[in-house]
Amino acid sequence: SPWLIENHTGTTWFAEDIRSRVYGLANSLSIRWDLKENDVACVYSPNHMGNFVPTPTRFILKQRGPEYPIAVWACHRLGVVVTPANPNFTVDELVYQLQATGARVLFTHPDSLSGAKAAAEIVGLDPAAIILFEDISSQDIPHGHPVVAQLVKAGLEQPTHYLEAKLRPGEGRTKLALLCFSSGTTGKPKAVALPHFAIISCILQLALAQNINGRNAEKGRYRSGDVAIGVLPFFHIYGMVANLHWAIFCGMSVVVHGKFDFEEMLKSIERYRINTLFLVPPHVVLLSKHSAVKRYDLSSVRSCSAGAAPISQELTAEFYRALPNSRLIQIYGMTETSTAISMQPPGDTPTPGSAGCLVPGMVAKIVKLDGTLSTHDEPGELWVKGPQVALRYLNNDKATKETFTDGWLRTGDEVIINKKGELFVVDRIKEILKVRGFQVAPAELEGHLLNHPYVADCAVVGIPNDFSGEVPMAFVTLSEEAKKLADSGNEQVDHIKATIEKHVSDTKIRYKWLEGGVEFMDTIPRNPSGKLLRRLLRDQAKERVHNREAKA
Ligand code: ATP
Ligand code: MG
């Protein structure tokens, strides 16, 4: 089966074609750019498979090739460390990543070229070190090429496959493969040092997780011959490992999309009979609620894996109403664990809302607020140990010391593990509010609000309060349904808002309620993997409360 499929043209690449392109580029990187083991290469591009020239009637493929994966694999072949950058980065952000990682070359797509050039100039990178995806294939030096033959003849080392030939036993534990950045949800993104050993372990752990628990489970399994959708950004660890490492290891084909477009994704699912989805929660929300879903044949979908942020019980139920023949697999993990810490085993019927069981080889303890260890069903911070855990943060001793402690990785997440071994993410510890001395997890209140048909998205943040210390307040965006009612004149917007206000004031989960009331906004700030950026909302919350008080 094909390895990679470009979604606009349907152009397919088979393993052999890609392999020869990877070897050709690796030769070229070694000979023309003098890249060596442990050098760093930055990839600054959307998931593009080529460059398209739009004409009035159709798209013409100007340059063909799955350039992003080829660049990454060619670097892996040479032992060159890859640092993928967000294509939406500003010049300053790219400069930060180039400086932090000491990248020697910069792969980029024509769309990102001007930003790449500006950043390269600031960090003093030679313009020749910018490698344009458009030019990659013309730079290939294939195996039979005289330059390569001469090198071999002269006894100089010929580039070899790093993983096949150079990685001696034990060495991969510390040899870096990727410098991926965390999402920057709680602060500035951190560069995470991931060795080959961690990435390979992560893939094997995912394979074991589904084989141990997945006997006879047809729906949730990943198999050779599956067709997956590649809409997650490759610069994030989840998109990188799912599409460029895990899918390929399993023998799946990946239909690659340059960037996420919901209808384009639905079209691809129908056209290529895609059965495996790697998504983040905002995509799951669309699949579960969007009216366009009914216009496409999605009957091929067997599994939908979603990670990076929580999925509520309510959303899970809606997903199954929309796609009853598939299986929703929650994955919980972090950049520091090469993706997965836990996943829902395909063979079991998981408790709704759970993020599955620890993947094999992962050891965990849960440390309560008072420092003692928790038993089942008691919340506390999750600490983990395992082969897929990163070595450290790059150039950040303080964060490394705080997070990588005595051989454990502190996740910073509050979780509960039940007696069945299922893990539930309560919230990030940094986000948990203290209301009159009680711990309140914003995520729990958000899950409840999302239940309401008028609520499309929401975020709960703490606002300072003299009496309680802080109190939870909600931001809400109106759903398609609410907007339709308003547009058709069947409902007044004020009435819709009043309905939501009532729902908010009725929201009481034991001692937790939304005392801070509700504010409406057009879009809730989230990063590309769907993580809520509550830190950006806190200032706005204070301002809105201030305005409310002024009005009163
Ligand atoms: P930063 O560390 O820079 O603040 P980040 O933690 O969001 O950003 P990532 O490594 O991309 O960066 O995300 C890992 C975090 O995402 C986890 O620690 C957890 O808080 C959250 N997360 C991931 N998967 C899930 C899930 N299935 N359910 C709930 N939360 C999740
Ligand atoms: Mg983090």
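Heads up: the structure comes first, above all this text.
Residues numbered from 1 in each chain as written. Chains lettered and ligands numbered in written order. Predicted model: local features only at pLDDT ≥ 70, side-chain atom pairs only at ≥ 80, totals over all residues. Heavy atoms only, no water.

**Q** Before we go on, may I ask you to explain the overall build of the protein in this structure?
**A** Scanning the protein for helices and strands turns up 17 helices and 30 strands. Counting all 552 residues of the protein, 55% fall into the buried class. The contacts of the protein with a sequence gap of at least 6 include a subset with a gap of at least 24, amounting to 69%. If you sum the accessible surface of the protein, you get close to 24100 Å²; carbon and sulfur atoms cover 53% of it. (Helix = DSSP H or I, 4+ residues; strand = E, 2+ residues; numbered from the N terminus. Buried < 20%, exposed > 50% of the residue type's maximum accessible area, 1.4 Å probe, protein only. Contact = heavy atoms within 4.5 Å. Areas by Shrake-Rupley, 256 points an atom, 1.4 Å probe, with all protein chains shown as cover.)

**Q** I keep staring at helix H17 (residues 534-551) and nothing clicks. Help me out?
**A** An α-helix turns once every 3.6 residues. As a result, residues three or four positions apart point the same way. When the terminal C-alpha atoms of H17 are compared, their 25 Å separation across 18 residues agrees well with the 26 Å that a helix rising 1.5 Å per residue should span. The inward-facing, buried residues of H17 contact strand E23 (423-428), helix H14 (442-450), strand E26 (455-465) and strand E27 (469-478). (Expected span 1.5 Å × (residues − 1).)

**Q** How do you make sense of the nonpolar core when you look at a structure like this?
**A** Across soluble globular proteins, nonpolar side chains show a tendency to be buried alongside one another. Grouped together as the largest cluster of nonpolar side chains are 105 residues, with contacts concentrated most on Leu-29, Phe-107, Leu-178, Tyr-222, Trp-246 and Phe-278. Looking at which domains feed residues into this core, each of domain 1 (13-166) and domain 2 (196-430) supplies at least three. Non-local contacts of Leu-178, meaning those with residues more than four positions away in its chain, are made with His-76, Val-81, Val-82, Val-192, Ala-193, Leu-194, Ile-199, Ile-237, Met-240 and His-245. Core analysis: the next-biggest nonpolar cluster, separate from the first, contains 27 residues, Ile-5, Leu-266, Ile-269 and Val-284 among them. (Core = buried A, V, L, I, M, F, W, Y, C linked by side-chain atoms within 4.5 Å. Domains from an automatic or database assignment.)

**Q** What is the right way to read the environment of Arg-538 from this model?
**A** Tracing the sequence through the fold places Arg-538 in helix H17. By relative accessible area, Arg-538 is classed as partly exposed at 29%. In this structure the C-alpha to C-alpha distance between Arg-538 and Met-473, which are 65 residues apart in sequence, comes to 9.7 Å.

**Q** Any chance you could explain the packing of helix H1 (residues 15-31) against helix H2 (residues 67-78) here in plain terms?
**A** Axis angle and axis distance: for two packed helices, these are the angle between their axes and the distance between the axes, and together they describe the pair. With their axes 8 Å apart at the nearest point, H1 and H2 run at an angle of 60° to one another. Between H1 and H2, the angle is such that the two are oblique. Classified by chirality, the crossing of H2 by H1 is right-handed. Across the interface between the two elements, Ile-18, Arg-21, Val-22, Tyr-23, Leu-25, Ala-26, Leu-29 and Ser-30 of H1 pack against Glu-67, Ile-70, Ala-71, Trp-73, Ala-74, Cys-75, Arg-77 and Leu-78 of H2. Looking at the contact of H1 with H2 residue by residue, the classes come out as 12 nonpolar, one polar and three charged. (Axes fitted to C-alpha atoms, helices over the stretch in contact; angles between N-to-C directions. Parallel < 35°, antiparallel > 145°, perpendicular 65-115°, else oblique. Left-handed = near helix turned anticlockwise from the far one by under 90°. Nonpolar A, V, L, I, M, F, W, Y, C, P; charged D, E, K, R; others polar.)

**Q** Mind showing me how you'd approach the packing of aromatic side chains here?
**A** What characterises a pair of aromatic rings is the spacing of the ring centres plus the angle enclosed by the ring planes. Tallied over the entire structure, the rule returns seven aromatic pairs. Stacked on the ring of Tyr-23, the Lys or Arg Arg-77 has its end atom at 3.6 Å from the ring centre. Between the NZ or CZ atom of Arg-173 and the centre of the ring of Phe-197, over which it lies, the distance is 4.1 Å. (Phe/Tyr/Trp six-rings, centres within 6.5 Å; stacked < 30°, edge-to-face > 60°. Lys NZ or Arg CZ within 6 Å of the ring centre and 35° of its normal.)

**Q** Whenever I open this one, the site of ligand 1 confuses me. Can you help?
**A** Taken together, 21 residues form the shell around ligand 1, and within it Ser-182, Thr-185, Thr-186, Thr-335 and Asp-413 come nearest. Contact between ligand 1 and Gly-184: an oxygen atom at 2.7 Å from a main-chain N or O atom of the residue. Arg-428 is positioned such that a nitrogen or oxygen atom in its side chain is 2.7 Å from an oxygen atom of ligand 1. Coverage of ligand 1 by the protein chains reaches 96% of its 640 Å² of free accessible surface. Listing elements by their share of the shell around ligand 1, those giving two or more residues are strand E15 (327-334) and E23. Considering each element in turn, the shell around ligand 1 owes the most residues, five residues, to E15. (Near = heavy atom within 4 Å. Polar contact = N/O pair within 3.5 Å; in protein donor to acceptor, adjacent residues only side chain to side chain.)

**Q** Help me understand a nonpolar patch on the surface, please; the structure alone is not making it clear to me.
**A** On the surface, a cluster of nonpolar side chains totalling about 270 Å² of accessible area is made up of Ile-200, Leu-204 and Phe-249. Its place among the elements puts Phe-249 in helix H9 (residues 237-250). (Patch = residues over 30% accessible without salt bridge, like charges linked within 9 Å, V, L, I, M, F, W, Y side chains within 5 Å. Salt bridge = Lys/Arg side-chain N within 4 Å of Asp/Glu carboxyl O.)

**Q** What's the story with the environment of Ile-136 in this structure? I'm lost.
**A** Its location among the elements puts Ile-136 in helix H5 (residues 133-139). Overall, the relative accessible area of 0% leaves Ile-136 in the buried class. Considering only alpha carbons, one finds Ile-136 and Ala-71, 65 residues apart in sequence, at a separation of 8.5 Å. Beyond its immediate sequence surroundings of up to four residues, Ile-136 is in contact with Arg-21, Leu-25, Glu-67, Phe-107 and Ile-131.

**Q** So what exactly am I meant to see when it comes to the side chain of Glu-414 here?
**A** Mapped onto the fold, Glu-414 is located in strand E22 (residues 408-417). Apart from residues no more than four positions distant in its own chain, Glu-414 is found in contact with Pro-379, Gly-380, Glu-381, Phe-424, Val-425, Val-426, Asp-427, Ile-429, Ile-432 and Gln-439.

**Q** Just to check I follow, could you spell out unusual backbone geometry for this structure?
**A** Generally, phi is negative for residues other than glycine and the peptide bonds are trans, each holding for most cases. In this structure, Ala-308 is a non-glycine residue whose phi angle is positive, near 90°. With respect to the helices and strands, Ala-308 occurs in the loop between strand E14 (303-307) and helix H12 (313-322). For Ala-308, a relative accessible area of 22% puts it in the partly exposed group. Within the chain, Asp-406 stands out as a residue other than glycine whose phi angle is a positive 50°. If you trace the backbone, Asp-406 turns up in the loop between strand E21 (404-405) and E22.

**Q** Help me out: how do you make sense of the environment of Gln-313 in this one?
**A** Tracing the sequence through the fold places Gln-313 in helix H12. Residue Gln-313 is classed as partly exposed on the basis of its relative accessible area, which comes to 47%. Linking Gln-313 and Pro-352, residues 39 residues apart in sequence, is a C-alpha distance of 5.3 Å. Residue contacts for Gln-313: discarding those within four places in its chain leaves Pro-352 and Gly-353.

**Q** Explain the pairing of strand E19 (residues 380-385) to me, please; I cannot follow it from the model alone.
**A** Successive side chains on a regular strand alternate, one facing one side of the sheet and the next facing the other. The buried fraction of E19 amounts to five of the six residues, a majority that puts the element mostly inside the structure. Sheet topology note: the strand E18 (residues 363-367)/E19 ladder contains five bridges and is antiparallel. Considered in E19, the bridge of Val-367 is made with Glu-381. (Pairing = 2+ DSSP bridges.)

**Q** Looking at this structure, I do not really get the packing of helix H11 (residues 281-289) against H12. What am I missing?
**A** For the pair H11 and H12, interaxial distance at closest approach is 8 Å and the crossing angle is 50°. By the angle between their directions, the pair H11 and H12 is classed as oblique. Between H11 and H12 lies a crossing whose hand is left-handed. Residues Pro-281, Val-284, Val-285, Leu-287, Ser-288 and Lys-289 of H11 touch H12, and the partners they reach there are Leu-315, Glu-318, Phe-319 and Ala-322. Broken down by class, the residue content of the contact of H11 with H12 amounts to seven nonpolar, one polar and two charged.

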